[in-house]
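Notes for the structure review
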Amino acid sequence: MVFKQFMNKSKQEKKSTESDANFEMIPSHIAIIMDGNGRWAKKRAMPRIVGHHEGMKTVRKIARVADDLGVKVLTLYAFSTENWKRPKTEVNYLMSLPEKFLNEFLPEIMERNIRIQMIGEKEVLPENTKRALNKAMEQTKHNTGLILNFAMNYGSRAEIVSAIKQIVKDAQEGKVTIDSINEDTINQYLMTSHLPEPDLLIRTSGEVRLSNFLLWQLAYTEFWFTDTLWPDFSEETFKEAIRDYQKRNRRYGGLKGEEMN
Ligand code: V07
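Residue indices follow the written sequence of each chain, beginning from 1 at its first position. Local features in a predicted model are, by the rule used here, given only for residues with pLDDT of at least 70; side-chain atom pairs are given and counted only at 80 or more, and totals for whole chains, interfaces and linings are based on all residues. Excluded from the side-chain calculations are hydrogens and water; all other atoms, namely the structure's heavy atoms, are used.

**Regarding the packing of aromatic side chains**
Pairing of aromatic side chains requires ring centres within 6.5 Å, counting the rings of Phe and Tyr and the six-membered ring of Trp. Pairs whose planes differ by under 30 degrees are stacked, by over 60 edge-to-face, and all others tilted. Within the structure shown, the criterion is met by 9 aromatic pairs. On the basis of an interplanar angle of 15° and a centroid distance of 4.2 Å, the ring pair of Tyr77 and Phe213 is categorised as stacked. Of the two residues, Tyr77 is situated in strand E2 (residues 73-80) and Phe213 in the loop between strand E5 (200-203) and strand E6 (222-225); the sequence distance between them amounts to 136 residues. You'll find Tyr77 and Phe213 in the same group, each marked buried. Strands here are runs of E lasting at least two residues and helices are runs of H or I lasting at least four, both read from the DSSP assignment and numbered beginning at the N terminus. Working definition: with a 1.4 Å probe on protein chains only, accessible area under 20% of the residue-type maximum means buried, over 50% means exposed, and in between means partly exposed.

**Comments concerning the site of the ligand**
Residues in contact with the ligand amount to 18 residues; listed here are only the nearest, Met56, Leu94, Phe101, Leu133 and Phe150. For the area figures, the Shrake-Rupley method with a 1.4 Å probe applies, and any residue is considered shielded solely by the protein chains shown. Relative to its unbound accessible area of 500 Å², the ligand is 98% covered by the protein chains. Where the shell around the ligand is concerned, the elements lending two or more residues are helix H3 (48-69), E2, helix H4 (88-111) and strand E4 (147-154). Looking at the shell around the ligand, the element that brings in the most residues is H4, giving 5 residues. It suffices for a single heavy atom of a residue to lie within 4 Å of a molecule or strand for the residue to be listed as near it.

**Focus on the sheet that holds strand E3 (residues 115-119)**
Note on pairing: two strands pair once DSSP finds at least 2 bridges between them. The sheet built from 6 strands is open, its strands ordered E3-E4-E2-E1-E5-E6 with parallel pairing. Since the sheet does not close on itself, it has two edges, and those belong to E3 and E6, each with one partner. On average, each strand axis in the sheet is inclined to that of its neighbour by 20°, with strand direction left out of account. As judged from the 4 bridges shared by strand E1 (residues 29-33) and E5, these two strands associate in the parallel manner. Among the inter-strand pairings, Ala31 is bridged to a residue of E5, identified as Leu201. On the sheet, H4 packs against E2, E3 and E4 and is oriented at approximately 170° with respect to E4. Should any heavy atoms of two residues lie within 4.5 Å, those residues are counted as being in contact. Axis angles are defined between N-to-C directions and span 0 to 180 degrees, where every axis is a line fitted to C-alpha atoms and, for a helix, only to the segment in contact. Relative to the sheet, helix H8 (residues 235-251) contacts E1, E5 and E6, its axis offset from that of E6 by approximately 145°.

**Some words on the confidence of the model for the chain**
Note on scores: pLDDT gives the predictor's confidence for each residue, bounded by 0 and 100. In the predicted model, the chain carries a mean pLDDT of 91, and the fraction of residues at 70 or more is 88%. Mean pLDDT per element in the chain: helix H1 (residues 10-14) is the minimum at 46, and E1 is the maximum at 99. Every residue in residues 1-19 is under pLDDT 50, and counting partners more than four places away or in other chains gives 26 contacts. This model gives residues 257-261 a pLDDT under 50, and the stretch forms 5 contacts once residues within four places in sequence are excluded.

**A closer look at the nonpolar core**
If you look at the biggest cluster of nonpolar residues, it comprises 46 residues, and the most contacted ones within it are Ile32, Leu74 and Phe238. By residue number, the principal contributor to this core is H4, which donates 10 residues. The residues touching Ile32, leaving out its near neighbours within four places in the chain, are Ile62, Leu74, Thr75, Leu76, Tyr77, Ile202, Phe213, Trp230 and Phe238. In this structure, Ile33, Ile119, Leu214 and Leu218 belong to the second largest nonpolar core, which totals 10 residues. Only buried residues count toward a nonpolar core. Its members are Ala, Val, Leu, Ile, Met, Phe, Trp, Tyr and Cys residues joined through side-chain atoms within 4.5 Å.

Quick look at the structure:
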């Protein structure tokens, strides 16, 4: 499927004189599992929440770099359905971060024409968190630049279950016929229906698992893993991931998707 709105190259062309990356092949959609914040703090004998706060600063930094490079969508795994099992004080702190982040960064987000979006089950989030998220999505809904897409209370299997339930409902109401259900039908019922599939998945902190993140959507995505802890993740690390992605793509010699399998 072609996503016309993701074909705008103007920003990439503007920056194409810079030397350190190939701006012809910037991945349109990058997804990141931002792992290692607790470990970063532990190494410094500091409370885990200090690591989370440092991680939030990295989000800001990487969002700027992604925007400057002309990335169209940056999907960040901020809070999983599993994260509720953590100590209450830690969960409370994590839930305060969206508001904190937006209070500090929203003016720059507007200047940069960045659009904030979300995937995940928002309803059960604390009221304050919900309010901050809704306000940011509302305020930025006409912005046409980078989509900064936060996965909040997101779990991929729950997303798939909910898609299946809705498809069955629509089938019972005669809005969908069983014979017409195909991969594109499933895509349309996922929370990412409006987005292109991720081209590149990054996971930090040495873990090499998907942890229930975008299971369906990552079918053809390139994976890139690093031992770097998320608070230490830098512009340079980010560009290294993109360069590796570009090298892999060049090796495929233009073959895409299913032709490679
Ligand atoms: C969170 C910082 C990054 C590392 C991962 C865990 C901690 C930014 C946000 C955020 C979310 C939504 C939004 C604006 C900002 C965030 C949580 C955790 C729950 F609209 N960082 N960050 N949310 N961490």
